Amino acid sequence: MSVHLHWFLPTGGDGRTLVDRHAYTDGGISRSANTPVSGVRPPDVAYLAQIAKAAEHLGFEAVLTPTGTWCEDAWLTTTALAQQTERLKFLVAFRPGLISPVLAAQMAATFQRVSRGRLLLNVVTGGDATEQRRFGDHLDHDRRYARTAEFLSVVRGVWGGSPYDFDGEHFQVEGGLTALPPDPLPEIFFGGSSAAAGPVAAEHADVYLTWGEPPAQVKEKIDWIRSLAEERGRTVRFGIRLHTISRDSSREAWATADRLLDDLDPETVAAAQRALGRSESVGQQRMLALHGGSREKLEISPNLWAGVGLVRGGAGTALVGSHDEVADRIEEYHELGIEHVVLSGYPHLEEAYWFGEGVTPLLAARGLLAQVPASPLLGVPARNGRPASAPGGAPLLVAGGR
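All values derive from a computational prediction rather than experimental measurement.

1. A closer look at the overall build of the protein
And then number 1: On a plain count of helices and strands, the protein comes out with 14 helices and 13 strands.
And then number 2: Counting only residues that meet the buried cut, the protein has 57% of its 402 residues in that class.
And then number 3: In the protein, once contacts between residues fewer than 6 apart in sequence are set aside, the share between residues at least 24 apart is 74%.
And then number 4: Per element, the accessible surface of the protein, about 16,200 Å² overall, is 50% carbon and sulfur.

2. Focus: the layout of surface pockets
And then number 1: Each pocket or cavity is described by its volume, and for the second largest pocket that value is around 250 Å³.
And then number 2: Considering the residues around the second largest pocket, the lining is formed by 16 residues, among which Thr67, Asp73, Trp75, Arg95 and Phe135 are closest to the centre.
And then number 3: At the level of secondary structure, the elements contributing two or more residues to the lining of the second largest pocket comprise helix 3 (74-82) and strand 3 (89-94).
And then number 4: Of the residues assigned to the lining of the second largest pocket, the class counts are 10 nonpolar, 3 polar and 3 charged.

3. Topic: the packing of aromatic side chains
And then number 1: Evaluated as defined, the whole model comprises 10 aromatic pairs.
And then number 2: Taking 5.2 Å as the distance between ring centres and 40° as the angle between the ring planes, the aromatic pair formed by Trp7 and Phe60 counts as tilted. Pair noted here: Trp7 is in strand 1 (residues 4-8) and Phe60 is in the loop between helix 2 (45-57) and strand 2 (62-65), with a separation of 53 residues, a long-range link.
And then number 3: A residue is classified by how much of its surface remains accessible, and Trp7, at 0% relative accessible area, is buried.
And then number 4: Their ring planes at 65° and their centres at 6.5 Å tell us that Phe90 and Phe111 sit as a pair that is edge-to-face. Taken together, the residues Phe90 in strand 3 and Phe111 in helix 4 (residues 101-115) connect sequence positions 21 residues apart.

4. Describing the confidence of the model for the protein
And then number 1: A residue-level look at the protein finds 87% of positions with pLDDT of 70 or above and a mean pLDDT of 86.
And then number 2: With pLDDT under 50 throughout, residues 23-35 is counted as low confidence; its partners more than four residues away or in other chains account for 20 contacts.
And then number 3: Counting interchain partners and residues more than four positions distant, the pLDDT-below-50 stretch residues 376-402 has 54 contacts.

Definitions and cut-offs
Residues numbered from 1 in each chain as written. Predicted model: local features only at pLDDT ≥ 70, side-chain atom pairs only at ≥ 80, totals over all residues. Heavy atoms only, no water. Helix = DSSP H or I, 4+ residues; strand = E, 2+ residues; numbered from the N terminus. Buried < 20%, exposed > 50% of the residue type's maximum accessible area, 1.4 Å probe, protein only. Contact = heavy atoms within 4.5 Å. Areas by Shrake-Rupley, 256 points an atom, 1.4 Å probe, with all protein chains shown as cover. 1 Å grid on protein atoms, 1.4 Å probe; cavity = no way out; pocket = protein on both sides within 12 Å on 5 of 7 lines; lining within 4 Å. Points joined across faces, edges and corners; volume = space filled by probe spheres on them. Nonpolar A, V, L, I, M, F, W, Y, C, P; charged D, E, K, R; others polar. Phe/Tyr/Trp six-rings, centres within 6.5 Å; stacked < 30°, edge-to-face > 60°. pLDDT = per-residue confidence, 0-100.

As structure tokens, this is what we get:
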């Protein structure tokens, strides 16, 4: 079992701090209009293409694209970026139930042909009732998961190549099909920590994706989903979603993490925690419980830092440390059964290079990678112990605060 490395496309905006994204579109955090926010990078195609090309160059297998009212549409953005890359896959997040499952199956089939087989699907059921209502969806938490199960049944049925009928509570389909089913079939990534989510993952997911909890908690979730899948005669693989701050030394990495916190005043953190606390998502509540809204003791497990979750919804933890330490933690998760590692960092362009040139070669040397990057920079001696990413062996500079 190898490790598959993936990166993230910040289609809601990017920047040098944890709050830059919210300066572009208010992700539930109110900021004063009189407070200037510098260094914000809008998610235009030119900038996102830089990240996608960097990810491809550095050997990441795919990039995850989020979904929501705070970001650009994932389907349209990734279709554009597929034309500017050659091998990179796109893990497209979408919300089931907002469009017809037959149409979604058709869109996926078309994407596979347009991208030459580079589509992966990330099914996001949705854990925030306020966000769902923005889309006109008024189902409660558990019924959304029941709808997701029906949705995925229809999608897989329609991909079968023959007319498909389905009569459920949420969907009724007569003779549904895609004229040309996708080849290969896109792998389906799915996450959810609630009792309602587990059976859906066990029945329909190819890869169960968890946020970055401490290893012991991740093992509990793996054992839970694996048991449910075995009851259904299925095998599910596992992935983890994390941020990363990897540097030449542990001291440098933690200094960068500290600088990210320097920009967070108590009011910003409090506003974020109130907004995130209203989420119906069990996974989100587990993320919040890791730090309790406090800046104290944010290293909740060796090299696992919960500071991101003070203001960011969803994935709220980061691997922080030297390149060797971050590689150690990934290997630790891998030993538990994690195959897919989906990473991100602030800013996403620079952090992709820090990880790709610092950690990826170590994972390759340990024989953990499914595919070894072909970058000519890998294996080139670095000066003064630094990755050979730029003239003089110095990586792209990361601004650490304002």
